[in-house]
Amino acid sequence: MTKLKNLVPDMQKRSWKSILLDWSIYIVLLILVLVIIYIDPKFLSLKNASAILSQASTRIILALGVSGIIVLGCTDLSLGRSVGMAAIFTASFLQDPSYGSRVFPNLPELPLIIPILGAIALCASFSLVHGFFVAKLKVAPFIASLGMQLVIYGLMSIYFDVVNDSAPIGVLNPKLSKLAQGAFHIGTIRIPYLVCYAVIAIVVIWFIWNKTVLGRNMFAIGGNSEAANVSGINIIRNMLIIYVIAGIMYGIGGALEVARTGSATNALGQSYELDAIASCVVGGVSMRGGVGSIGGVVTGVLLFQIISYGLVFAQVNPYLQYFVKGAIILLAVSVDTQKYIKKK
Amino acid sequence: MKGKTTEYLLQMKNIVKTFPGVRALDGVNLDVRPGSVHALMGENGAGKSTLMKCLFGIYNPDEGEIIFKGEKVRFLNPKQALDHGVSMVHQELNQVPETTVMENIWMGRMPKNGLIVDDAKMYQDTKEVFERLNLDIDPKEKIGRLSVSQRQMIEIAKAVSADAKIVVLDEPTSSLTEKEVDHLFRIINSLRDQGCGIVYISHKMEEILKISDDVTVMRDGQYVFSGSAKEMNTDQLITLIVGRELTNRFPEKKSRPSDEVLLKIEHLKGMYDPTVKDVTFQLRKGEILGIAGLMGSRRTETIETIFGIRTRADGTIEKDGKMVGNHNARESIDNGFALITEDRRQNGIFAGLDIEFNSTIANMKGYANKLGVINEKKMEEDTTWVIESMHVKTPSQKEKIGNLSGGNQQKVIMGRWLLIDSDIMMLDEPTRGIDVGAKYEIYQLVMDYAAKGKGVIFISSEMPELLGITDRIMVMSNGLVAGIVETKDTSQEDILRLSAKYL
């Protein structure tokens, strides 16, 4: 107790109010879920749970990618277009070999892994360039990502137009579709492969964040980049690696997304970044940088997905759905900001 | 209320403020007479700022009353306090760098012609205030272009312009040179002569005894003592503040520097102005070399250039007879250098992260295998070592460093650099804003470090500190070395004379 007495008072100042503030976003989301269940009690079903999980899986992968960038204190609006780029690239090289009007009719059937790795490499390279603008040239992250978003969209649309006259690229190799749509069963419970990929991604990114020097450096840079510099951290290199990891996740997400939906256009992925960033914020990753956890990101995506799916399921007016999502984002950011203000 | 005479201008009576788990203020009294300077003293965490926050309505006290000009008051926020003539000059200046001096002074209460800001009147009013305070600053200058001391004067001018009766100064001299301190004291004296009550928060004993009329001492949230400053001396004050006899403010020097040269700096010159122009010196093994100088003498720039976080244009760095590059912090750390920066908040602590993170972040190499995977057990052990050997007051390793007091934050940062196997430690104003007890511990750590045959470069603006713990003192002036003196043969006057050499 004598030890405690010497502490600055702010430390003990955790009233029920601040605890309530910490949990307010979850409380609101819980109430929303209860409202949805009230509107349509059938919402509570294994089938829905499985659907929500598969939909959430690619989103978790994407959110895990962008969350590192957010912890750095940056943001990435090019996520959605990167996903679209990966999807178009993957689709154009992995159509059903028996399909007559393929994008590349003379292309032999490729092993799945090659186009997918290609898509990942493509996204990673664009993220590397993106990271270079932010880390080395010190371009404001928001603007840099806005620029990258347009650059990627432009290039991918040209490709889309040249190779397939801007017609949707469909009739995919069934092996690719199986990759995303398949599942295995434990007893009667169906576990989609997608969920497994998401779990692997969660484990890998969790490990990077919590068990590696890179993870520590990421938090240091986001928390106080000047102090990180004095502590001997190579800020540019570490930031580039985090950006490249994000790009890899976008690439994986894009390939899985096209496999899940069965066809790709240059509109695929549009505004995915908003859901991903919003999920991170809902999950407590601070837009100010330096704060966040994998558990939070996953929780954020799941909650956001439950709400989105639930609103559709309960046949809520689509415009009202936008409104609700927007309100959730505003609330989440407000709560985050309140925490910061309290610290002063 | 008119015509009513009160002995005190401001009285805070029996103020109690509790936070869950801690009684931050436990019946504290503060009585400020009109036309007096009242020093408020106590170690960091003693409750001085909490008391002031109660005065300005940032906190709501649980018990007690505040009487201002004979009336019971309870301000809701600092703005309301200012409107009533109670103002505060914060240690950390809250100004808008891109706006002008006069806009900062009149912010929120600018004179207007209808809807339009009356710039001419604002300029004139600012001029008048500056004349009263004998300040030579252009009201149209951008705040960002002023020195820290000038910005501080602006804050005082703001208080004066609001016709403040009570002015609270929180550590006003922590970044000022002696000359600037004199100017500040003249301003304080003129405010006193105009009948203002000045509450003066500081850790510097000499200053307090020089400027104050009354003293109130707090310890651990308790009210300890109030009395006339004229009857006090430094030792009595220290005893009251720490609650124990501190017979000596500095640990006894037990080791002597060897003759072996550890670090040789020749013709060091920085790339981007303002920077060092030409610095040459040597540091011996086991030596504590102080660096003295006025603001703008480029002491910080010197060691930051040596550490590689400022670009070097010319000059050589030689350690143990070998040239070293030190082009960036990583390289310097690998070469055995450590730097504790001047501005803890800006480039020292990771405020939102815990003590373990803050202790170990510069030493990640020591915890990682080739793949960059870290050994958390070792990090935990090292953090325990930091907390125990530095006497950091904290409930756990997982506490955010931002929640600790300044002194404890500084100890964690020292621990961070002691965990690295360094040979040369460079400290930039390491005791600024830190209480007496913590200062002593930091001196002890520095001396122990040097006693192992390592070298220390110690920048300080506090003369007694430099004279108390260093072996030699390098005095800088305007980016150049004005002289290097043996500490035992020098005096405050010598150092001051050298400081002004190249001005």
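Residues numbered from 1 in each chain as written. Chains lettered and ligands numbered in written order. Predicted model: local features only at pLDDT ≥ 70, side-chain atom pairs only at ≥ 80, totals over all residues. Heavy atoms only, no water.

This next bit is on the overall build of chain B. A count of helical and extended segments in chain B gives 17 helices and 22 strands. Relative to the 2.2 N^0.38 estimate, which gives 23 Å for 503 residues, the radius of gyration of chain B is 24 Å and therefore close to what a compact globule would have. Counting only C-alpha atoms and orienting by the principal axes, one finds that chain B spans roughly 75 × 50 × 50 Å. The 503 residues of chain B split such that 56% are buried. A sequence separation of at least 24 residues applies to 66% of the contacts in chain B between residues at least 6 apart. Looking at chain B as shown, the accessible area adds up to about 21,200 Å², and 47% of this sits on carbon and sulfur atoms. If the 66 positive side-chain charges of chain B are averaged to one point and the 74 negative ones to another, these points end up 2 Å apart. (Helix = DSSP H or I, 4+ residues; strand = E, 2+ residues; numbered from the N terminus. Rg over C-alpha atoms; globule rule 2.2 N^0.38 Å. Buried < 20%, exposed > 50% of the residue type's maximum accessible area, 1.4 Å probe, protein only. Contact = heavy atoms within 4.5 Å. Areas by Shrake-Rupley, 256 points an atom, 1.4 Å probe, with all protein chains shown as cover. Lys, Arg positive; Asp, Glu negative; His and termini not counted. Charge placed at Lys NZ, Arg CZ, Asp CG, Glu CD.)

So, on to the confidence of the model for chain A. Taken residue by residue, chain A gives an average pLDDT of 89. The fraction at 70 or more is 94%. Throughout residues 1-13 of chain A the model reports pLDDT below 50, and contacts reaching past four residues in sequence, or to other chains, amount to 32 contacts. (pLDDT = per-residue confidence, 0-100.)

Our focus in this paragraph is the sheet that holds strand β15 (residues 288-293) of chain B. Residue and element names in this part refer to chain B. If you walk across this open sheet you meet the six strands as β18-β19-β20-β15-β21-β22, and the pairing is mixed. What marks the edges here is a single partner per strand, and that holds for β18 (337-340) and β22 (480-486). Strand-to-strand twist of the sheet, defined as the mean angle between neighbouring strand axes without regard to direction, takes the value 20°. Bridge count between strand β19 (residues 424-428) and strand β20 (residues 455-459): five bridges; the pairing is parallel. Pairing of Met426 across the sheet is with Ile457, part of β20. Relative to β18, helix α14 (residues 406-419) is tilted by about 170°, and along the sheet it contacts β18 and β19. Against the sheet, helix α17 (residues 492-499) makes contact with β15, β21 (472-477) and β22, and its axis sits at roughly 30° relative to β21, the strand it touches most. (Pairing = 2+ DSSP bridges. Axes fitted to C-alpha atoms, helices over the stretch in contact; angles between N-to-C directions.)

It is worth spelling out the state of the cysteines at this point. Throughout the structure, instances matching the rule amount to zero disulfides over all chains. Sulfur of Cys123(A): no disulfide; nearest cysteine sulfur belongs to Cys280(A) and is 17 Å away. (Disulfide = S-S within 2.5 Å.)

Right, let's get into the pattern of salt bridges. Tallied over the full model, the rule gives 38 salt bridges over all chains. For Asp275(A), the salt bridge is made with Lys325(A), and the minimal N-O distance between the two is 3.7 Å. Linking Asp275(A) in helix α12 (residues 272-282) with Lys325(A) in helix α14 (residues 318-343), this pair joins segments that are 50 residues apart in sequence. Residue classification places Asp275(A) among the buried residues on the basis of a relative accessible area of 18%. Between Asp334(B) and Lys365(B) there is a salt bridge, with the nearest N and O atoms lying 3.4 Å from each other. Placement of the pair is Asp334(B) in helix α10 (residues 329-334) and Lys365(B) in the loop between α12 (355-360) and α13 (376-389), with a sequence separation of 31 residues. Looking at Asp334(B), the relative accessible area reads 43%, which means it is partly exposed. Given the relative accessible area of 56%, Lys365(B) is considered exposed. Because the salt bridges share partners, they merge into one network encompassing Lys211(A), Arg216(A), Asp354(B), Glu356(B), Glu376(B) and Lys398(B). (Salt bridge = Lys/Arg side-chain N within 4 Å of Asp/Glu carboxyl O.)

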